Structures are given as structure tokens and as C-alpha cells.
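# Architecture at a glance
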Amino acid sequence: MTLYSAVLPCCTEYLYFSNYHTEVRNSNIVKPRILLMGLRRSGKSSIQKVVFHKMSPNETLFLESTNKICREDVSNSSFVSFQIWDFPGQIDFFDPTFDYEMIFRGTGALIFVIDSQDDYVEALSRLHLTVTRAYKVNPDINFEVFIHKVDGLSDDHKIEKQRDIHKRANDDLADAGLERIHLSFYLTSIYDHSIFEAFSKVVQKLIPQLPTLENLLNIFISNSGIEKAFLFDVVSKIYIATDSSPVDMQTYELCCDMIDVVIDISCIYGLTGDEAGTPYDKESMAIIHLNNTTVMYLKEVTKFLALVCFLREESFERKGLIDYNFHCFKKAIEEVFDVRLKVQRSRKLLSQRRWSKQTVPNGTQVHPH
Ligand SMILES: Nc1nc2c(ncn2[C@@H]2O[C@H](COP(=O)(O)OP(=O)(O)OP(=O)(O)O)[C@@H](O)[C@H]2O)c(=O)[nH]1
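Presented here is an overview of the structure given in this document. Just so we're clear, the structure is a prediction, and the values are computed from it rather than from any experiment.

We now examine empty space enclosed by the protein. Inspection of the entire model under this criterion finds three cavities of 30 Å³ or more. The computed volume of the second largest cavity comes to approximately 40 Å³. Around the second largest cavity, the lining residues are L124, L127, H128, V131, A169, D172, L173 and L183. Elements with a minimum of two residues in the lining of the second largest cavity: α4 (121–137) and α5 (155–175). For the lining of the second largest cavity, the element with the most residues is α4, which contributes four residues. Class assignment of the residues belonging to the lining of the second largest cavity gives a composition of six nonpolar, one polar and one charged.

The following block contains the structure:
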């Protein structure tokens, strides 16, 4: 038996911190920013409401058009912590009141939503304009294109649309001599899990600890006879990391369904009347035996994160080993959090010192000890 803890110290070597997304200003940590842009009625607000507010897709039919930039903090867990800025459909880059330089400078990802059920010629030219402007200000932005509302299309049609949009968008960039701008494309719909999967990938790119988390998951599954494991943010059902084997949509959907079952059952039977209502805590766990000799195993990792694993029934017979390895995995995740918090704290301290030096009146400098 390989003990998981034996390999733990080398994992932390992978830990690194990128600070280009996270600015520290006057003791406030500015979270990575994700922008939602696209033409009017392309589905931006619906995406935000469905993924982060549990709005049912049908209710989005009654959403009103956004007419100003809406900012929202998403701080579900220590890892999934960012700001989403939902933009009104048509942004005028030439409007002097719109300080796009400031906006793009602090941006980690720009999601451009294209309505696939509509004619997308205008959307493509808007995409080109937005991306080229943003790139000039901040070449580190991740450009993510959601080819959205694909629920109305057949599988062949989806692939064809994706190929066409991909080609045209990249041709436009090549014509402008900007081949180095990389666009990532996703087929999405709020009526299935594709929007959660796409958002998971966008968010993962903003998590500097991702290689560490993946590495920990790889070690965990290979020592426990597990086939696939996901680390989920329970509230949003975004998976923030998985092991390095490929993800298939069906497995991801099953995980989302399992989380829903756990939360629903806990809400109904797990809470006593006087509790404020956290249906997810240290005791949360679930085992589901599927009819194809696969077992799904969910366990709480932190207040906001859950590990969901897929394994064969025969591997589940060694549950003791799995639980022991899980214990080591959980401790490792806590260490990653601790290091992250320490770095954040020292950055904050440093910036406070710099700030106080700069802002002392009458030129006197403060030398903090
Ligand atoms: N079929 C389908 N309709 C969608 C989907 N996502 C959003 N919609 C619909 O598209 C319409 C417009 O959605 P909104 O979210 O208001 O669009 P928006 O881009 O925020 O619009 P503005 O605020 O005007 O910029 C609504 O009627 C939604 O129900 C989807 O995945 N599939």
C-alpha cells in the first residue's frame, strides 16, 4: 500500500502564485475579474443567473435587458473567488465615460457570448473589436468565446457552427496580423450542463494552484483504485479541478446530479427547524451505487468544496484505504489554502506599508517596523 502522505511534500513544490490577475490596492484584495460581453439578448445575464443564482433556465425568459455594468462578487470558496461584470449588450468603446483601459487592465478572463440561433456576422465583428482592444491593454487576458443557445441545434449543426465561427474569428485576427491572440471556444446552453462545464474551464484557468490540485488528485486516485475524481465548488457546481484523465460530459452531469441530491435531501431531512440553513457541513457524504457496477462517492473537503469520485464496486471494497487516503488529501488541500492565505496576508501587509509611506501628509515618511 502506498501511503498518500509519503508523497505529499513534493506536491507543494508545484505551488506558485501569479499576481497578474490579483491586484492588491490599499489593503483590499481585488479579485480576478471575469467579463461577460456580447450583443444584446445573447444570453449573458441568463448565464450568470443560472450558474451563480440557481435560477431555473425557464425563468430567464423574463429577465430584463441590462442597461448598465453589473458587478458581482463570487466568493463561494477560497479558490473560487472572483468578480463577474455583466455588460449591457452594446458597448461603445468611443464613449469617453467608458474607461475600458481600466476595466481590461484588471481582467483575468473575457467571455464573449455569441447567440448561435441568430445571425452571427455582427457578433463576430464585435468580438474582433472587443478582443483587439482588450489585448492591446492587457495581453494576459484569457479570451473565451461561448457559442451559446446550442440547445436548439442538432449535433451536426453544432459542430458546423463551431467550425465556422472558429474559422471566421481566427481569419479576422490573422488579417489584422494578430494571430498570437488565442481564442478558446465552447458550445453552451443554460438548458443543460454545458454552461457549468464551460464556466468550470474558464475559472480553472484563473486558479494559480491548479497544477497542485491536479497533482494531488492524480496521486489520490492512483493510490485508491479510483477511476475519476472531481473537486467541486458545491454552490455553483463548477469543478475547480480534476485528475488528468479526460472528462466526459455524462460523468460530469452525474456529479452535478449527485450534488443536487445531497443538498436537496439535507435541506429536507438534515436541518432542524431553528438552524440558519447550511445543508452542507463536515458530516456531508454520500455513496450511490449505479446499476453498471460503478460507485459514486462524495465527501466534504472544505466548507465549500466536495470531492466526487467514480470507482468500480470491487475497488470500493477497500473503503478503509480510500478514506485514509482521502484524509491525507484533505490535509494537503488545507495546506494549499494555508500557504495561499499566508501569501495573501504578507502581500496585504506589504501594500499597506507602501500605501502608508505614500500617503503621509507633509512629506514625512513612515517607516513601519
Ligand atoms: N434557447 C436558449 N435561450 C437562452 C439561453 N440563454 C439565454 N437564453 C434566452 O435569451 C434571452 C436573452 O437573455 P439575456 O440573458 O437577457 O441576454 P443578455 O445578453 O443579458 O441581454 P442584454 O442584457 O440585453 O445585453 C432570454 O429570453 C433567455 O431566456 C440558452 O442557452 N438557450
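Additional details are given in the paragraphs that follow.
Attention shifts here to the pattern of salt bridges. On inspection of all chains with the given rule, the structure shows 13 salt bridges. Here K228 makes a salt bridge to D243, at a shortest N to O gap of 3.4 Å. Of this pair, K228 sits in strand β9 (residues 228–233) while D243 is found in the loop between β10 (238–242) and α8 (249–270), placing the two residues 15 residues apart along the sequence. Residue D243 is classed as buried on the basis of its relative accessible area, which comes to 4%. Salt bridges linked by common partners bring K299, K319 and D323 together as one network.

Within the largest apolar cluster, 68 residues are counted, with the highest numbers of intra-cluster contacts made by F199, L231, L307 and F329. If sequence neighbours within four positions are ignored, L307 has contacts with L217, F220, A229, F230, L231, Y297, L298, K299, V301, F326 and F329.

Near the ligand you find 20 residues, and of these K44, S46, S65, T66 and D151 are the closest. Interatomic distance of 3.0 Å between a backbone N/O atom of R41 and an oxygen atom of the ligand. In the environment of the ligand, a nitrogen atom lies 2.7 Å from a nitrogen or oxygen atom belonging to the side chain of D151. In the complex, the protein chains occlude 92% of the 660 Å² of accessible area that the ligand would expose alone. By residue number, the principal contributor to the shell around the ligand is helix α2 (residues 44–53), which donates three residues. Partitioning the shell around the ligand into residue classes produces four nonpolar, 11 polar and five charged.

What counts and what doesn't
- The written sequence of each chain sets the order in which its residues are numbered from 1.
- Selection of residues for local features in this predicted model requires a pLDDT of at least 70, selection of side-chain atom pairs for listing and counting requires 80 or more, and totals for whole chains, interfaces and linings are taken over all residues.
- Values reported for side chains reflect all heavy atoms of the structure, with hydrogen atoms and water molecules removed beforehand.
- A pocket, in this scheme, is an open set of points on a 1 Å grid over the protein atoms alone with protein on both sides within 12 Å along at least 5 of 7 lines, while a cavity is a set where a 1.4 Å probe fits but cannot get out; residues line either one if an atom lies within 4 Å of a point.
- Grid points are joined across faces, edges and corners, and a volume is the space filled by probe spheres set on the points.
- Secondary structure follows DSSP: runs of H or I at least 4 residues long count as helices, runs of E at least 2 residues long count as strands, and numbering of each begins at the N terminus.
- Polar here means any residue outside two lists: the nonpolar Ala, Val, Leu, Ile, Met, Phe, Trp, Tyr, Cys and Pro, and the charged Asp, Glu, Lys and Arg; Gly therefore counts as polar.
- Here a salt bridge means any side-chain nitrogen of Lys or Arg lying within 4 Å of a carboxyl oxygen belonging to Asp or Glu.
- Three exposure classes are used, based on accessible area relative to the maximum for each residue type with a 1.4 Å probe and protein chains only: buried under 20%, partly exposed in between, and exposed over 50%.
- Within this scheme, the nonpolar core is defined by two criteria: the residues are buried Ala, Val, Leu, Ile, Met, Phe, Trp, Tyr or Cys, and they are joined through side-chain atoms within 4.5 Å.
- Whether two residues touch is decided by their heavy atoms; if any such pair falls within 4.5 Å, the residues are in contact.
- A single heavy atom is enough: if one lies within 4 Å of a molecule or strand, its residue is considered near that molecule or strand.
- Polar contacts, as counted here, are pairs of nitrogen or oxygen atoms within 3.5 Å of one another; within protein the pair requires one atom able to donate a hydrogen and one able to accept it, and residues that are adjacent in sequence qualify only if both atoms are side-chain atoms.
- Surface accessibility follows the Shrake-Rupley procedure with a 1.4 Å probe radius. Residue values consider only the protein chains on display as shielding.

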